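Chain residues, written in single-letter form:
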Amino acid sequence: MLVLVRPVATVGTALLGGACLLLTRVVSEHSSPELLTFALLVFGAGMGTATVCAQIAAFTGVAERHSGLAAGLADICFAVGTALGVAIAASVVAARAPTPGIAAPQTLVPGHQAAFGVVGLVAALGVVIALAMLGKRSAPSDRHRSPRRPRRLPLTDRDRPHSHLTH
């Protein structure tokens, strides 16, 4: 199953990066609504695809008794990744603001363009990493298999209780 998830996740990440790069072309509130609509549709398709693939990958190979832990870890990773991404993008926007404090929306456009460019580059890096890992398969883990029971050997006369000594 994981073999099919990797290419789809790669495509989803590429869609996310492409959408962010399209959003760098938005220059003002008067930009083409078609460009904005198309970019957001591509972004939504990429986000939906990548998120579902990440969930599938997070649960693949996890024993049922550990599924709650896997779900919690996946949720934490999504939350931390989102917070980190928003913090980086907001920092880029703030660094490009003409003056500190409250700025007019049109003065923040260069900052937003730069932020979407940075996010697009991070997504491109993700695609490169995913393509590098696409052909590789992880080795099956022994941690997820149930422990083997020791084989029982037939008893010999030496291993039998010495009942004849108690008479």
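Please refer to the structure placed before this passage.
Residues numbered from 1 in each chain as written. Predicted model: local features only at pLDDT ≥ 70, side-chain atom pairs only at ≥ 80, totals over all residues. Heavy atoms only, no water.

Asks: What should I look at first to understand the nonpolar core in this one?
Replies: Considering soluble globular proteins, one finds that nonpolar side chains tend to be buried as a cluster. Among the nonpolar cores identified, the biggest contains five residues, and these are Ala 89, Val 92, Val 93, Ala 114 and Ala 115. Mapped onto this core, the elements with two or more residues apiece are α3 (67–96) and α4 (109–133). Ranked by the residues each element gives to this core, the list is headed by α3, at three residues. Those residues in contact with Ala 114 that sit more than four places away from it in its chain are Val 92 and Arg 96. (Core = buried A, V, L, I, M, F, W, Y, C linked by side-chain atoms within 4.5 Å. Buried < 20%, exposed > 50% of the residue type's maximum accessible area, 1.4 Å probe, protein only. Helix = DSSP H or I, 4+ residues; strand = E, 2+ residues; numbered from the N terminus. Contact = heavy atoms within 4.5 Å.)

Asks: I keep staring at the packing of α3 against α4 and nothing clicks. Help me out?
Replies: For any two helices packed against each other, the geometry is given by the interaxial angle and the distance between the axes. The contact between α3 and α4 brings their axes to 8 Å, and the two run at 145°. In terms of crossing hand, the pair formed by α3 and α4 is right-handed. Facing Ile 88, Ala 89, Val 92, Val 93 and Arg 96 of α3, the residues of α4 in contact are Pro 110, Gly 111, His 112, Ala 114, Ala 115, Val 118 and Val 119. Grouping the constituent residues of the contact of α3 with α4 by class yields nine nonpolar, two polar and one charged. (Axes fitted to C-alpha atoms, helices over the stretch in contact; angles between N-to-C directions. Left-handed = near helix turned anticlockwise from the far one by under 90°. Nonpolar A, V, L, I, M, F, W, Y, C, P; charged D, E, K, R; others polar.)

Asks: What am I meant to see in helix α2 (residues 33–59) here?
Replies: Because the α-helix completes a turn every 3.6 residues, residues three or four places apart line up on one side. Taking 1.5 Å of rise per residue, 27 residues should cover 39 Å, and α2 covers 39 Å from first to last C-alpha, within 8% of that figure. Those residues of α2 that sit buried are Ala 39, Val 42, Gly 46, Ala 50 and Cys 53. One or two steps after α2, the chain reaches Gly 61, where phi turns positive at roughly 80°. (Expected span 1.5 Å × (residues − 1).)

Asks: I would appreciate a short explanation of α3 in the present structure.
Replies: For α3, with 30 residues, the first-to-last C-alpha span of 43 Å sits near the 44 Å given by 1.5 Å per residue. Of the residues making up α3, those classed as buried are Ala 70, Ala 74, Ala 89, Val 92 and Val 93. Each element contacted by the buried residues of α3 is listed here: α2 and α4.

Asks: Which parts of the structure should I look at to understand the environment of Leu 4?
Replies: Take Leu 4: it is sitting in helix α1 (residues 2–23). As a C-alpha pair, Leu 4 and Cys 53 span 49 residues in sequence and 9.3 Å in three-dimensional space.

Asks: Help me out: how do you make sense of a nonpolar patch on the surface in this one?
Replies: Judged by side-chain polarity, Leu 69, Leu 73, Ile 76 and Val 80 come together as a nonpolar surface patch covering roughly 400 Å² of accessible area. Looking at where Leu 69 falls in the secondary structure, it is placed in helix α3. The exposure class of Leu 69 is exposed, given its relative accessible area of 56%. (Patch = residues over 30% accessible without salt bridge, like charges linked within 9 Å, V, L, I, M, F, W, Y side chains within 5 Å. Areas by Shrake-Rupley, 256 points an atom, 1.4 Å probe, with all protein chains shown as cover. Salt bridge = Lys/Arg side-chain N within 4 Å of Asp/Glu carboxyl O.)

Asks: For this particular structure, what's the right way to read the environment of Thr 10?
Replies: Relative to the elements of secondary structure, Thr 10 occurs in helix α1. Looking at Thr 10, the relative accessible area reads 9%, which means it is buried.

From the geometry alone we can't say anything about function, so treat these as descriptive.
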